[in-house]
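Take a look at the letters that make up each chain.
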Amino acid sequence: MSAPVALIVDDERDIRELIALTLNRMDIAADTAATLGEAKAKLASRRYDLCFTDMRLPDGSGQELIVHIAENHPDLPVAMITAYGNVEAAVAALKAGAFDFVSKPVDLAALRRMVETALKLSAERRAVANLAAERLQGESLAIRQVRETIAKLARSQAPVHITGESGTGKELAARLIHEQGPRAAGPFVPVNCGAIPPELMESEFFGHRKGSFTGAHSDKIGLFQAADGGTLFLDEIAELPVHMQVKLLRAIQERKVRPVGAQNEVPVDVRILSATHKDLAALVAQGVFRHDLYYRINVIELRMPALRERREDIPLLARHILARVAHQHGIATPELTGHAIVALQHYAFPGNVRELENILERAVALCDGKRITAEDLRLTYTAVPLAPPATGTPVRAPGEGSSIAFHPGEQPLEDYVERIEREAILKALEECRYNKTKAAAKLGITFRALRYRLKKLGIE
């Protein structure tokens, strides 16, 4: 593992040399820069593990450098070197994104402690960024841009509204924004606004006091208080009735909530992230969603791309999903045949990544245990190839023509595939006189996989 590298930015040569010598004794390599321009050039040419910058530079300020690092190197911890007693500069640096500050004359013991903290923070940030890449799978331009945007949004405290079709990973994006930000140690509280009965919404969001209504047998904190110090994720926010939109707007603006039955308001500190698959702007135009709440939650918008917009990611996603499903079932990971991959890449995926997961989980149960064919996928919609991706070679369907026609079912996809599974399993069991081991062999799956399917389908 290579030694950590630090960048020291100060126009005073003595300070640069003092900090560099201290770092060298801690087995940390050090580069130095005397100006803002020189520092930016070095940041562009090399990866650093931490940075120290003076407040005043000949061609700018340390504040400018902190903002530059926050925007272009979000996983790099930076500390401000300030004049003794300049509290205002230190506070401004922290607000701009610095993790700490050190005053002149430099206290070497305090500097060493700060360096240890910075290196730990740097490792944690990179680990979180790597985790984000692992969880938000894909190497397409669209998903790489999403990951980069999430890293930037994580450093902000502004409300973010996440848009995209169902199954594109809106909650995952919200979790990653929370986990990569300064509130990561606080709670992440997701709530599906469409799943709460209208008459219980106020109590669920703001809490209630004992005896405030029938059934309120004890005090209960609401979702805002549960998320205090962390992030409240309002999924399907378009489903909120108008009366709750008014109360939600007030809670966000005032940073206070009043539990049902309480006399006083309770202060709360939460970051609001929201999401919906609907067009909120259109709902505002129709008068269904309040325009003032819309502008409050939609300070920054993050759009999650549909799977059909990044179909070059489908093979990678499929392998990742299959490995996870196989591990859950205790079986070897089956491989997708070439025709199966092509079929998936030409399928429209109205349910996006969530639908891909469902299709592959069913295919694992239906395949011969070693490989998944196009037939095992049981795609029941007519799938037409989409426009080729922006980069790479277009994927062509096997055989003649420019489309792959699957057998469309009159039932929903899940019901259709479940019926096929049930019929196949029952037939095999009957032919094998209900010997599960023989039935599993006849179906070409493991005994464990058969037992899993029997339980899931409710077959005794």
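Cut-offs applied
Here, residues in each chain are numbered from 1, in the same order as that chain's written sequence. The model is predicted, so local features are restricted to residues of pLDDT at least 70 and side-chain atom pairs to those at 80 or more, both for listing and for counting; the totals for chains, interfaces and linings are taken over all residues. Heavy atoms from the whole structure form the basis of all side-chain values; hydrogens and water molecules are not counted. Numbering of helices and strands starts at the N terminus; helices are DSSP runs of H or I of at least 4 residues and strands are runs of E of at least 2. Working rule for contacts: check all heavy atoms of both residues, and any pair within 4.5 Å makes them a contact. pLDDT: the predictor's confidence for each residue, scored from 0 to 100. Pairing of aromatic rings covers Phe, Tyr and Trp, the last counted by its six-membered ring, and requires centre-to-centre distances within 6.5 Å; plane angles under 30 degrees mean stacked, over 60 mean edge-to-face, and any other angle means tilted. Only protein chains enter the area calculation, which uses a 1.4 Å probe; residues under 20% of their type maximum are buried, those over 50% are exposed, and those in between are partly exposed. Put simply, a salt bridge is a Lys or Arg side-chain nitrogen that is within 4 Å of an Asp or Glu carboxyl oxygen.

J.: I'm lost on the environment of D54 in this one. Help?
T.: In this fold, D54 is placed in strand β3 (residues 50-54). Taking the C-alpha atoms as reference points, D54 and A83, 29 residues apart in sequence, are found 8.9 Å from one another. Each residue touching D54, except ones within four places of it in the same chain, is listed here: V9, D10, D11, G62, M80, I81 and K104.

J.: Can you help me understand the confidence of the model for the protein in this one?
T.: Detail in the predicted coordinates should be disregarded across regions flagged by low pLDDT. Model confidence for the protein is summarised by a mean pLDDT of 82, while 87% of its residues fall at 70 or above. Within the model, pLDDT remains below 50 along residues 382-411, and this stretch shows 44 contacts once partners closer than five positions in the same chain are excluded.

J.: Quick question: what am I supposed to make of the packing of aromatic side chains here?
T.: Two aromatic rings are characterised by how far apart their centres lie and by the angle between their planes. All told, the structure shown has six aromatic pairs when counted by the stated rule. With a centroid separation of 6.1 Å and 20 degrees between ring planes, the pair formed by F188 and F233 is classed as stacked. With F188 in strand β9 (residues 188-192) and F233 in strand β10 (residues 231-235), this pair connects stretches of sequence that are 45 residues apart. Like F188, the residue F233 is buried in the burial classification.

J.: What is the right way to read the pattern of salt bridges from this model?
T.: Note on pairing: side chains with opposite charge can pair once their charged atoms come close. Applying the stated rule across the entire model yields 19 salt bridges. Between K104 and E12 there is a salt bridge, with the nearest N and O atoms lying 3.0 Å from each other. Of this pair, K104 sits in the loop between β7 (100-103) and α5 (108-135) while E12 sits in the loop between β1 (5-9) and α1 (13-24); the two residues are 92 residues apart in sequence, bridging distant segments of the chain. What makes K104 buried here is its relative accessible area of 17%. Residues D54 and K104 are paired through a salt bridge, measuring 3.4 Å at the closest nitrogen-oxygen approach.

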